[in-house]
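Breakdown of the fold
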Amino acid sequence: MKMLDGKVAIVTGGGRGIGRGIALSLASNGARVVINDLGAGLAGDGVDAGPAQETQAAIRDLGGEAVINGGSVADYVAAQGMVDQAVETFGRLDIVVHAAGVLRDRMIFNMTEEEWDVVVAVHLKGLFNILRPATALMRQQQAGRIIALASGSAYGDAGQPNYSAAKAGIIGLSYSTANAMAKYGVTSNVVLPTGTTRMIDSKPESQKIFEETGKWPSEHARGTPKDPDNVAPLVSFLASDRAANINGQVFHSHGFGYTLVEPPRTLARLEADHAWTAEGLADSFDRYMATDMKPRPAMPFGRDVDTLAGNDWQAIGEGRRYWARKEEKK
Ligand SMILES: NC(=O)c1ccc[n+]([C@@H]2O[C@H](COP(=O)([O-])OP(=O)(O)OC[C@H]3O[C@@H](n4cnc5c(N)ncnc54)[C@H](O)[C@@H]3O)[C@@H](O)[C@H]2O)c1
C-alpha cells in the first residue's frame, strides 16, 4: 500500500521545475494527478503543451495515471475547470498543490502596472481561483490537503516587490484557509521552496556560470542539494493522511533539509494608563523598544540554521540529523 493510494491531486505548474518533481512524487506515491501547466515562458508569455505532456509521459513510465489541463490558473473559470476535470476523470479531489509561477522582477520605483498585475494574478489570485472550488468540494467530503508554494522572497526581496507581495499574500491566504477548514478535516500549509530551475537560471549570476561552464545552473543541479526535486518528499508527506495534524504551518525546503518556520510572535509592547502623544511615544520608543527591534528580514532567512546551529545537531540515524531552537523546546 502506497502512502497516497486512492488520492487524486491537482498540481498547478506541474509541467516544469519544482511542480514537475511534485507531480512525479505524488504519482509515485500512488496518487492520480491532474497536471495543470500553461507552458508559459518565465515572464508568463506564450503557451506550450510540451512540458505538461512530458510530465504525463514520465508519470506513465512510473506506472502512474495523469491527465493534462492546459488552462491558466490566473483565470477564475479555467481554475474551476481543473477541479471539474479531476472529479470527472478520477471521481474525486483530495490534494491541491499550487506551484505555478512567473517572474517580472523590477525595483518598486520602476515597476509597471502590468508587471505587478501579471505576477499577483498567477501566484496569489491563482491560489484563490483554485481554492474557491476545491475548498467547497473538500468541505463536503470533510477531507483535503492544500499545499501552496510561497518563497523566502515573501520576507522582502528588494528586487521583487510584486513577487514578494504575492508570496506574502499566499502565506496569509493559507493561514486563513487553515483556520477556516480545520473543522472540515482539511489542512492548508505553505512550502517556501528552493531548487535550481529556470527561475534561478534567469538571475544575472547564472549567466556567468553558463559562460564559464557551458551549462546553466539547473543543468548542474540533478542529484545535488540544489535539485528542485528535493522539495517533493515534503509536499507528498503533507498531502498524505499521515500529515492530518499539520495545519497552518510554513516550511522552508533547502538542500536535503526542511525548516519549520516560526509564525510571527509578539516581541515587545509599550503601554500607558492614558493616551500617548507622538513625542512621548518617540521618547519611550528610543529608550525601550528600539533596543528590542529586530533588523529587517534578511534573504535568505531559512538558511540561518547553518550558521546558528553550532554543535546543537542531534544525530537521528541513517545519515539524518535534527536541530530545534532550544528555548522553544518544551
Ligand atoms: N526555484 C526556486 O528556487 C524557487 C524559490 C522560491 C519559490 N519558488 C516558487 O516555486 C514555484 C515553482 O517554481 P519553479 O522554479 O519550478 O518555476 P518554473 O518556471 O520552472 O515552473 C513554473 C511552471 O508554472 C507554469 N505556469 C506559469 N504560469 C502559469 C499559469 N498562469 N497557469 C498554469 N501554469 C503556469 C509554467 O509554464 C512553468 O511550467 C513557483 O511558485 C515559484 O515562485 C521557486
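Residues numbered from 1 in each chain as written. Predicted model: local features only at pLDDT ≥ 70, side-chain atom pairs only at ≥ 80, totals over all residues. Heavy atoms only, no water.

Summing up its helical and strand segments, the protein chain has 11 helices and 10 strands in all. Against the globule reference of 20 Å for 330 residues, the protein chain gives a C-alpha radius of gyration of 21 Å, in line with a compact fold. Along the longest, intermediate and shortest principal axes, the C-alpha atoms of the protein chain span 65 × 55 × 50 Å. Counting only residues that meet the buried cut, the protein chain has 42% of its 330 residues in that class. Sequence separation of at least 24 residues holds for 68% of the intrachain contacts in the protein chain that already meet a minimum separation of 6. Summing over all exposed atoms, the protein chain offers an accessible surface of approximately 17,600 Å²; the carbon and sulfur share of this is 53%. Looking at charge distribution, the protein chain has the averaged site of its 34 positive side-chain charges lying 6 Å from that of its 38 negative ones. (Helix = DSSP H or I, 4+ residues; strand = E, 2+ residues; numbered from the N terminus. Rg over C-alpha atoms; globule rule 2.2 N^0.38 Å. Buried < 20%, exposed > 50% of the residue type's maximum accessible area, 1.4 Å probe, protein only. Contact = heavy atoms within 4.5 Å. Areas by Shrake-Rupley, 256 points an atom, 1.4 Å probe, with all protein chains shown as cover. Lys, Arg positive; Asp, Glu negative; His and termini not counted. Charge placed at Lys NZ, Arg CZ, Asp CG, Glu CD.)

Here helix H5 (residues 161–181) is 21 residues long and its end C-alpha atoms lie 30 Å apart, about the 30 Å a rise of 1.5 Å per residue gives. For H5, the secondary structure elements touched by its buried residues are strand S4 (95–98), helix H4 (113–141), strand S5 (144–149), strand S6 (186–192), helix H6 (198–201) and strand S7 (250–254). (Expected span 1.5 Å × (residues − 1).)

On any regular strand, side chains alternate: one points to one face of the sheet, the next to the other face. Burial runs high along S5: six of the six residues are buried. Residues Gly144, Ile146 and Ala148 of S5 are buried on one face, and the alternating residues Arg145, Ile147 and Leu149, pointing to the opposite face, are buried as well. Bridge count between S4 and S5: four bridges; the pairing is parallel. Directly across from His98, in S5, lies its bridge partner Ala148. Regarding topology, H4 serves as the crossover connection from S4 to the parallel S5, and that connection is right-handed. Sheet topology note: the S5/S6 ladder contains six bridges and is parallel. By the bridge assignment for S6, Ile147 is matched with Asn189. (Pairing = 2+ DSSP bridges. Right-handed = clockwise from strand over helix to strand, strands pointing away.)

Here we take up the nonpolar core. Among soluble globular proteins, nonpolar side chains are generally buried collectively. Membership of the largest hydrophobic core comes to 35 residues, with the highest contact counts inside it found for Ile10, Leu93, Ile130, Ile171 and Leu192. Those elements that provide at least two residues to this core are strand S1 (8–12), helix H3 (76–90), H4, S5, H5 and S6. A total of seven residues in this core trace back to one element, the largest contributor, which is H4. Counting residues in hydrophobic clusters, the runner-up holds 31 residues, among them Ile18, Ala66, Val231 and Phe251. (Core = buried A, V, L, I, M, F, W, Y, C linked by side-chain atoms within 4.5 Å.)

A few words on the site of the ligand. The environment of the ligand is formed by 31 residues, the closest being Ile18, Asp37, Tyr163, Thr197 and Arg198. At 2.9 Å, a side-chain N or O of Lys167 approaches an oxygen atom of the ligand. Within the side chain of Thr197, a nitrogen or oxygen atom sits 2.5 Å from an oxygen atom of the ligand. Across the complex, the protein chains shield 97% of the 830 Å² of accessible surface that the ligand would expose by itself. Of all the secondary structure elements, the ones that give two or more residues to the shell around the ligand are helix H1 (17–28), H4, H5 and H6. (Near = heavy atom within 4 Å. Polar contact = N/O pair within 3.5 Å; in protein donor to acceptor, adjacent residues only side chain to side chain.)

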